[in-house]
Every structure is written in structure tokens, then in C-alpha cells.
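Chains, contacts and geometry: an overview
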Amino acid sequence: MKRTLEGTKRKKKRVSGFRARMATPGGKRVIQRRRLRGRKKLTM
């Protein structure tokens, strides 16, 4: 049997990667908040 959820790396990156976040004002806010929180990994 296959697993329930199988994604592709490329699709994942396109949606929630660093470049995708920086492309929109909302995404920039996401990165900013994560930086302020001291997140080790900002995206992905």
C-alpha cells in the first residue's frame, strides 16, 4: 500500500520555500515574525 500523503519536493518548495515567501508582502511578514522569534529554520 502507498502512504496517504506523498508530495513532491519541487511543489513543496514552490509553495512554501524561501523565494515563494519573499515574493509576497504576507510572506515577507511570515519570515520577519520567524526571525523575531529566533527560529532556526525560517522556511521548509
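Residues numbered from 1 in each chain as written. Predicted model: local features only at pLDDT ≥ 70, side-chain atom pairs only at ≥ 80, totals over all residues. Heavy atoms only, no water.

What about helix α3 (residues 25-36)?
- Along its 12 residues, α3 runs 17 Å from first to last C-alpha, staying within 8% of the 16 Å computed at 1.5 Å per residue.
- Gly38 sits one or two positions beyond α3 and adopts a positive phi of about 80 degrees. (Helix = DSSP H or I, 4+ residues; strand = E, 2+ residues; numbered from the N terminus. Expected span 1.5 Å × (residues − 1).)

Some thoughts on the side chain of Thr43
- Relative to the helices and strands, Thr43 resides in the segment after α3.
- Aside from chain neighbours lying at most four places away, what touches Thr43 is Ser16, Gly17, Phe18, Arg21 and Ile31. (Contact = heavy atoms within 4.5 Å.)

Focus on the environment of Pro25
- Here Pro25 shows up in helix α3.
- You can call Pro25 exposed: its relative accessible area is 62%.
- For the pair Pro25 and Thr8, spaced 17 residues apart in sequence, the C-alpha separation works out to 26 Å. (Buried < 20%, exposed > 50% of the residue type's maximum accessible area, 1.4 Å probe, protein only.)

Considerations on a positive patch on the surface
- The grouping of Lys9, Lys12, Lys13 and Lys41 at the surface amounts to a positive patch.
- You can see Lys12 is positioned in helix α1 (residues 9-16).
- Overall, the relative accessible area of 53% leaves Lys12 in the exposed class. (Patch = residues over 30% accessible without salt bridge, like charges linked within 9 Å, V, L, I, M, F, W, Y side chains within 5 Å. Areas by Shrake-Rupley, 256 points an atom, 1.4 Å probe, with all protein chains shown as cover. Salt bridge = Lys/Arg side-chain N within 4 Å of Asp/Glu carboxyl O. Lys, Arg positive; Asp, Glu negative; His and termini not counted. Charge placed at Lys NZ, Arg CZ, Asp CG, Glu CD.)

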